Amino acid sequence: MSSNDKNITWHHSGVSREARQSAFGHKGATIWLTGLSGSGKSTIAVELEKVLFQKGIKAYILDGDNIRFGLNKDLGFSASDRTENIRRISEVCRLFADANIVCIACFISPYVADRDQARAIHVESGLDFVEVFVDSSIEVAESRDPKGLYQKARQGLIKEFTGISAPYEEPVKPEIHLDTGDLAVNESVDNIVEYLTLKKII
Ligand code: ADP
């Protein structure tokens, strides 16, 4: 890849993907958890990371709030900022997956088009992208309200809050669909590990 007008050129690594996979004993991939605030993305991600780590698999969480403290601290919650948030994160996930890490991304990522773009960025690099719909009804998510955000949103203190005053577009064909109103955290984690094993990612 090169761009004459910008004078930039893509530099290739001297370490092949196969060499990395063979050294690590597994593939890199992005596990993309999407769902409402309070649906359980972070809780599932933390348990999943622990389980994978105990299996000797190199895994790392990228979490929505954490990224907004640093890389994306210049972005808000308007539709265009959310899109840019997800675009940057998708590129970071691709780098992690290319480095042969199992990257666990937990972002509300409410728009189908943004998640499709995240998938496309991975697919064009020959990397696995596993979309996980962390599904709970708005009622269940709101009753959990782990950060008190729903209460603030209902009081009008947070504008453009997903599920209340901003849309959430459900995944059309996610690789994994978890109903967290029904599944215990460890059952959700088992579902993901089973899928990764079946697809020979780990
Ligand atoms: P998100 O990252 O999607 O905003 P969090 O993981 O921060 O959601 O919050 C989900 C809350 O719901 C946590 O307090 C978690 O302990 C609780 N919870 C209760 N039951 C479940 C379940 N079955 N799966 C996931 N989380 C659950």
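Residues numbered from 1 in each chain as written. Predicted model: local features only at pLDDT ≥ 70, side-chain atom pairs only at ≥ 80, totals over all residues. Heavy atoms only, no water.

Some points on the overall build of the protein chain
- Of regular secondary structure, the protein chain possesses 8 helices and 7 strands.
- The C-alpha atoms of the protein chain give 18 Å as radius of gyration, which agrees with the globular expectation for 202 residues (17 Å, within 12%).
- Principal axes of the C-alpha set define a box for the protein chain whose edges measure 55 × 45 × 30 Å.
- In the protein chain, which comprises 202 residues, the proportion classed as buried is 42%.
- Pairs at least 24 apart in sequence give 76% of the contacts found in the protein chain among residues at least 6 apart.
- Averaging the coordinates of the 24 positive side-chain charges in the protein chain and doing the same for the 29 negative ones gives two points 4 Å apart. (Helix = DSSP H or I, 4+ residues; strand = E, 2+ residues; numbered from the N terminus. Rg over C-alpha atoms; globule rule 2.2 N^0.38 Å. Buried < 20%, exposed > 50% of the residue type's maximum accessible area, 1.4 Å probe, protein only. Contact = heavy atoms within 4.5 Å. Lys, Arg positive; Asp, Glu negative; His and termini not counted. Charge placed at Lys NZ, Arg CZ, Asp CG, Glu CD.)

Observations regarding the pairing of strand 7 (residues 176-179)
- Of the two faces of strand 7, the one holding Ile176 and Leu178 is buried and the one holding His177 and Asp179 is not buried anywhere.
- Taken together, the 4 bridges between strand 6 (residues 128-135) and strand 7 define a ladder with parallel strand orientation. By the bridge assignment, Asp135 is partnered in strand 7 with Asp179. (Pairing = 2+ DSSP bridges.)

Here's the deal with the site of the ligand
- By nearness alone, 13 residues border the ligand, and Gly38, Lys41, Ser42, Thr43 and Leu183 come closest of all.
- In the model, an oxygen atom of the ligand is placed 2.8 Å from a nitrogen or oxygen of the Ser42 side chain.
- For the ligand, the protein covers 75% of the area, taking 570 Å² as the surface of the free molecule.
- In terms of residue count, the dominant contributor to the shell around the ligand is helix 2 (residues 41-54) (3 residues).
- Taken together, the residues of the shell around the ligand sort by class into 4 nonpolar, 7 polar and 2 charged. (Near = heavy atom within 4 Å. Polar contact = N/O pair within 3.5 Å; in protein donor to acceptor, adjacent residues only side chain to side chain. Areas by Shrake-Rupley, 256 points an atom, 1.4 Å probe, with all protein chains shown as cover. Nonpolar A, V, L, I, M, F, W, Y, C, P; charged D, E, K, R; others polar.)

A look at the packing of helix 2 against helix 8 (residues 185-198)
- Axis separation between helix 2 and helix 8 bottoms out at 9 Å; the angle between their running directions is 55°. Relative to helix 8, helix 2 is oriented oblique. Every pair of crossing elements has a handedness; the one defined by helix 2 and helix 8 is right-handed. Here Thr43, Ile44, Glu47, Leu48, Val51 and Leu52 of helix 2 lie close against helix 8, whose contacting residues are Val185, Ser188, Val189, Ile192, Val193 and Leu196.
- For the contact of helix 2 with helix 8, a count of residues per class yields 9 nonpolar, 2 polar and 1 charged. (Axes fitted to C-alpha atoms, helices over the stretch in contact; angles between N-to-C directions. Parallel < 35°, antiparallel > 145°, perpendicular 65-115°, else oblique. Left-handed = near helix turned anticlockwise from the far one by under 90°.)

Here's the deal with the nonpolar core
- Membership of the largest hydrophobic core comes to 24 residues, with the highest contact counts inside it found for Ile31, Leu33, Leu52, Ile104, Val132 and Ile192.
- Sorting the residues of this core by element identifies strand 3 (29-34), helix 2, strand 4 (59-63), strand 5 (102-106), strand 6, strand 7 and helix 8 as the ones contributing at least two each.
- It is helix 8 that contributes the most residues to this core, 5 residues altogether.
- When sequence neighbours within four positions are dropped, the list of residues in contact with Val132 reads Ile31, Trp32, Leu33, Thr34, Ile176, Leu178 and Ile192.
- Among the nonpolar cores identified, the runner-up in size contains 11 residues, and Cys93, Cys103, Phe107 and Ala118 belong to it. (Core = buried A, V, L, I, M, F, W, Y, C linked by side-chain atoms within 4.5 Å.)

Some words on the UniProt feature "domain: APS kinase" (unreviewed entry) in the protein chain
- Here the UniProt-annotated "domain: APS kinase" (unreviewed entry) positions come out as residues 27-179.
- Taken end to end, residues 27-179 is 42% helix and 18% strand, and its first and last C-alpha atoms sit 27 Å apart. (UniProt positions renumbered as here; feature names shortened; annotations may be inferred.)

What to know about the sheet that holds strand 4
- Read across the sheet, 5 strands follow the order 4-5-3-6-7 without closing on themselves; strand pairing throughout is parallel. Only two strands of the sheet have a single neighbouring strand rather than two, namely strand 4 and strand 7. Averaged over all neighbouring strand pairs, the angle between strand axes comes to 20°, with direction disregarded.
- Both strand 3 and strand 6 contribute to a ladder of 6 bridges, which runs parallel. Residue pairing for strand 6: Leu33 is matched across the bridge by Val132.
- With respect to the sheet, helix 2 is in contact with strand 3, strand 4, strand 5, strand 6 and strand 7, its orientation differing from that of strand 5 by roughly 165°.

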